[in-house]
Amino acid sequence: MGATLKDATAIAGIGQTPFAKQLPASEKALACRAIVAALDDAGIAASEVDAFASYTMEETDEVEMAKAIGAGDVTHFSKVGYGGGGSCATVAHLAAAIATGQASVGVAWRSRKRGSGPRPWKNTQVQLPTPGQWTRPFGLLRPADEIGMLARRYMHEYGATRDHLFNVALACRNRANQNPAAIMYERPLTREMYMTARWISEPLCLFDNCLETDGALACVVVSAERARDCRQRPVYVHSAAQGLPAQHHGMVNYWNDDPLTGPAWTAARQLWKGADLGPQDVDVAQIYDAFTPLIPLSLEGYGFCGRGEGAAFTEGGALEIGGRLPLNTGGGGLSEAYVHGFNLITEGVKQLRGTSTAQVPDAATCLVTAGEGVPTSALLLRS
Amino acid sequence: MSPSVTPATDNRPDSGADLLLPVPDDDGAPFWEYAARGELRVQACSGCDELRFPPRPCCPHCQSFAAHWQRMSGRGRIWSYVLPHPPLLPAYAALPGYNAIVVELADAPRIRLVGNLVTAADAPLNSVEPARLRIGAPVRAAFHTMPGGVTVPRWLLERP
Ligand SMILES: [Zn+2]
């Protein structure tokens with residue numbers, strides 16, 4: 001038996017900036033603030049950092065970060081593709097590097113000015129060749145349109161309704177209403193507001209879409225042994241996985257034999273294979289929610305229910321605190337902040353430290369997932 | 001074929017001017033060349049005859065690099081659809097209520113094409129009443145030459 005990732009490493013520190021529609025600081029300054037805060041949270045000196053991981057869409061790079069914070073010699077650095085699909089994999093790459101002795105103190109981060117910055121889909125120069133030549137000219141322009149197409153098919157096949165999507169939006173909003181750092185902290189959502197909201201891409205309305213946020217987050221990964229001597233209670237990386245399924249084609253997965261089983265299914269098989277636990281053991285979940293339909297699709301993919309049962313799973317308050325699977329307890333991308341899902345990782349850590357603003361009593365295991373619909377990744381964290 | 005991406009000068013909002021034009025890659029170029037002749041063709045493996053879409057250099061079933069382009073009947077069914085609303089690129093925002101659909105081909109249901117349902121090949125993208133869109137509705141291909149000179153397949157209801 002070779003090296004195993006199971007509980008070999010832990011998240012020892014987390015940090016974040018404020019979240020807002022518009023922040024004056026640059027992405028670089030925000031990234032530095034989040035990283036310095038995460039190191040301080042862990043009680044680890046910046047000079048000990050020897051590994052970095054982020055997303056390929058991250059525009060601040062490891063050379064600048066290492067120099068700015070005063071890192072020592074860096075012996076591992078990695079970037080993960082596919083936008084929000086990369087979030088959990090940044091931690092997974094650091095965990096693998098540390099578990100195999102390539103580094104000892106890793107920093108993962110995401111800094112983004114999406115609230116005040118450009119919308120990526122408007123850059124048609126980049127998007128029009130492969131694969132956009134098959135979709136963009138027909139007005140399938142934005143991720144919301146691409147996921148809306150899948151959502152309409154899903155609703156048709158399984159009888160899912162807008163009320164199911166509302167259940168998702170409401171659970172996230174209710175948690176944000178408990179979280180003073182969330183953009184939607186003092187803004188409750190009602191069914192009437194949801195049902196009468198303007199469309200973005202029918203069948204998806206405004207509240208089916210994530211926020212547009214400026215902000216940055218970071219976390220520090222070290223060996224489990226080291227973590228036990230850090231300032232905070234360690235949160236162990238129990239299992240981690242990436243997933244790019246056979247014949248997958250990105251967000252427009254319509255050319256797959258079965259477009260409704262996305263990358264979550266592939267990541268889930270690998271995640272549970274590397275774990276001593278199963279879906280029934282998960283106390284709280286942070287599931288990537290750039291769009292509400294990603295939740296039922298992910299619930300099915302990660303095995304919380306059967307194929308086609310993800311919408312019905314959301315009924316009866318299942319996703320609320322006290323429900324069957326409390327979801328996105330900081331408010332998620334829909335209502336806390338949309339920073340490519342990194343806030344889901346830090347919220348998972350808060351739950352397992354017992355410090356969430358919507359704490360699930362005695363939470364000991366947390367699933368965190370990255371963007372479904374694109375090549376994705378996931379973490380199973382435990383206290 | 002390498003269609004120009006220069007925006008057309010015709011700016012009437014319902015004419016389709018300034019809609020995005022396909023930017024073909026080497027693998028996709030034949031699709032657009034056949035479309036310009038009014039033919040809907042899909043890449044097929046010359047080793048095992050499996051169809052594949054989008055086009056690519058190598059067959060995922062048998063790894064053959066030999067391919068040909070098989071003519072399809074042009075008949076299909078609506079697999080799904082959306083009605084995009086602003087914020088949109090300006091040319092699309094000028095077509096309120098336009099649809100984007102995915103059509104599964106009758107001859108090869110695993111081959112699905114993104115397109116638009118319209119009342120006639122050259123009609124605007126919002127020419128069909130949204131209430132008429134229905135998953136499963138039979139459709140057939142028609143060909144429209146865009147102001148930039150590129151021909152794209154569009155879709156008409158079999159029972160308008
Ligand atoms: Zn073949």
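These figures come from a predicted structure and were not determined experimentally.

Q: Got a sec to walk through the interface of chain A and chain B? Specific residues and values, please.
A: Counting from both sides, the interface comprises 37 residues of chain A and, opposite them, 40 residues of chain B. For the pair chain A and chain B, the summed buried surface comes to about 3,500 Å²; carbon and sulfur atoms form 64% of the total. Counting every contact that joins chain A to chain B gives 1 salt bridge. The partner of Arg-110 of chain B in a salt bridge is Asp-257 of chain A, and the shortest N-O contact between them spans 3.0 Å. Between the two partners, chain A and chain B, sit 21 residue pairs in polar contact (both at pLDDT 80 or more). Elements represented by at least two residues in the side of chain A that touches chain B include exactly helix H5 (143–158) and strand E5 (199–202) of chain A. Counting residues per element, the side of chain A that touches chain B draws most heavily on H5 of chain A, at 7 residues.

Q: Report on the UniProt feature "domain: ChsH2 C-terminal OB-fold" (unreviewed entry) in chain B, specifying residues and quantitative values.
A: Here, UniProt's "domain: ChsH2 C-terminal OB-fold" (unreviewed entry) annotation points to residues 69–144 of chain B. Its end C-alpha atoms 20 Å apart, residues 69–144 of chain B is made of 5% helix and 45% strand.

Q: How would you explain the packing of helix H1 (residues 27–42) of chain A against helix H2 (residues 62–69) of chain A if you had to name every residue and give the values?
A: All names here are of chain A. Two elements in contact, H1 and H2, have axes whose closest approach is 10 Å; the angle formed by their N-to-C orientations is 60°. In terms of orientation, H1 lies oblique with respect to H2. Note that H1 runs across H2; the crossing there is right-handed. Note on element contacts: H2 touches H1 through Glu-64, Met-65, Ala-68 and Ile-69, opposite Lys-28, Ala-31, Cys-32, Ile-35, Val-36 and Leu-39.

Q: Tell me about the coordination of the zinc ion, and name the residues and values.
A: Residue and element names in this part refer to chain B. Coordination of the zinc ion by the protein comes from Cys-45 (SG), Cys-48 (SG), Cys-59 (SG) and Cys-62 (SG), over a distance range of 2.3 Å. One can describe the site at the zinc ion as tetrahedral: its 4 donor atoms subtend angles covering 99 to 116° at the metal. Spacing between the donor residues of the zinc ion along the chain follows C-x2-C-x10-C-x2-C. With a gap of 14 residues between them, Cys-45 in strand E1 (residues 41–45) and Cys-59 in the loop between E1 and strand E2 (67–71) connect regions that are remote in the sequence. Here Cys-59 falls in the buried class, since its relative accessible area comes to 1%.

Q: Kindly report on the pattern of salt bridges, identifying the contributing residues and their values.
A: Note on pairing: side chains with opposite charge can pair once their charged atoms come close. Applying the stated rule across the entire model yields 24 salt bridges over all chains. The salt bridge involving Arg-140 of chain B is made with Glu-158 of chain B; its shortest N-O contact spans 3.6 Å. A residue pair is termed long-range when its members are at least 10 positions apart, and Arg-140 of chain B in strand E6 (residues 138–145) and Glu-158 of chain B in the segment after strand E7 (151–157) qualify at 18 residues. A single network of salt bridges, built from pairs that share partners, joins Lys-21, Arg-114, Arg-119 and Glu-212 of chain A.

Q: So, the UniProt feature "domain: Thiolase C-terminal" (unreviewed entry) in chain A: which residues are in play, and what are the values?
A: When the UniProt feature table is mapped onto this chain, "domain: Thiolase C-terminal" (unreviewed entry) is found at residues 257–375 of chain A. Structurally, residues 257–375 of chain A is divided into 33% helix and 7% strand, and its ends, taken at the C-alpha atoms, are 17 Å apart.

Q: Please give an account of the pairing of strand E11 (residues 376–382) of chain A that cites residues and values.
A: Residues and elements named next belong to chain A. Judged by how many residues are buried, E11 sits mostly within the fold: 6 of 7 residues are covered. Bridging between strand E8 (residues 235–243) and E11 involves 7 bridges; their strand directions are antiparallel. Bridge pairing in E11 places Tyr-236 opposite Arg-382. Sheet topology places strand E10 (residues 365–369) next to E11; 5 bridges connect them, and they run antiparallel. Across the sheet, the residue bridging to Thr-369 is Ala-378, located in E11. Linking E10 back to E11 in an antiparallel pair, the connection comprises 6 residues, with Gly-373 at a positive phi of about 100°.

Q: Before we move on, could you go through the environment of Pro-96 of chain B and cite the residues and values that matter?
A: Position of Pro-96 of chain B relative to the elements: it lies in the loop between helix H2 (90–93) and strand E4 (100–105). Residues Pro-96 of chain B and Asn-126 of chain B, spaced 30 residues apart in sequence, show a C-alpha to C-alpha distance of 6.7 Å.

Q: Describe the state of the cysteines, with residues and values.
A: Covalent bonding between the sulfur atoms of two cysteines is what defines a disulfide. Counted according to the given criterion, the structure contains 0 disulfides over all chains. Free cysteine: Cys-88 of chain A, not disulfide-bonded; nearest cysteine sulfur from Cys-366 of chain A at 9.4 Å.

Q: How would you summarise the environment of His-85 of chain B if you had to cite specific residues and measurements?
A: Along the chain, His-85 of chain B turns up in the loop between strand E3 (75–84) and H2. The partly exposed category is assigned to His-85 of chain B, whose relative accessible area is 22%. As for His-85 of chain B and Leu-95 of chain B, which are separated by 10 residues in sequence, their C-alpha atoms are 9.4 Å apart. Apart from the residues within four sequence positions on either side, His-85 of chain B is in contact with Arg-142, Trp-199, Ile-200, Ser-201 and Glu-202 of chain A.

Q: Which residues make up the side chain of Gln-351 of chain A, and what are the values?
A: Residue and element names in this part refer to chain A. Examined against the element boundaries, Gln-351 turns out to sit in helix H13 (residues 342–353). Judged by relative accessible area, Gln-351 falls into the buried class, the value being 0%. A polar contact is formed between the side chain of Gln-351 and the side chain of Thr-329, at a distance of 3.0 Å. In contact with Gln-351, other than residues within four places in its own chain, are Val-284, Gln-286, Thr-329, Ser-356, Ala-358, Gln-359, Val-360 and Ala-363.

Q: Go over the pairing of E1 of chain B, please, and point to the residues and values.
A: All names here are of chain B. Burial within E1 is extensive, with 5 of its 5 residues counted as buried. Taking every second residue as pointing to the same face, both faces of E1 are buried, with Arg-41, Gln-43 and Cys-45 on one and Val-42 and Ala-44 on the other. Inspection of the sheet shows E1 paired to E2 by 5 bridges, in the antiparallel sense. Of the residues in E2, the one forming a bridge with Gln-43 is Trp-69.

Thresholds, definitions, all that
Residues numbered from 1 in each chain as written. Chains lettered and ligands numbered in written order. Predicted model: local features only at pLDDT ≥ 70, side-chain atom pairs only at ≥ 80, totals over all residues. Heavy atoms only, no water. Contact = heavy atoms within 4.5 Å. Buried area = accessible area lost by both parts, 1.4 Å probe. Salt bridge = Lys/Arg side-chain N within 4 Å of Asp/Glu carboxyl O. Polar contact = N/O pair within 3.5 Å; in protein donor to acceptor, adjacent residues only side chain to side chain. Helix = DSSP H or I, 4+ residues; strand = E, 2+ residues; numbered from the N terminus. UniProt positions renumbered as here; feature names shortened; annotations may be inferred. Axes fitted to C-alpha atoms, helices over the stretch in contact; angles between N-to-C directions. Parallel < 35°, antiparallel > 145°, perpendicular 65-115°, else oblique. Left-handed = near helix turned anticlockwise from the far one by under 90°. Donors = N, O, S within 2.8 Å, 3.2 Å for Na, K, Ca; no water. Tetrahedral: all angles 85-135°; square planar, octahedral: opposite > 155°, others 65-115°. Buried < 20%, exposed > 50% of the residue type's maximum accessible area, 1.4 Å probe, protein only. Pairing = 2+ DSSP bridges. Disulfide = S-S within 2.5 Å.

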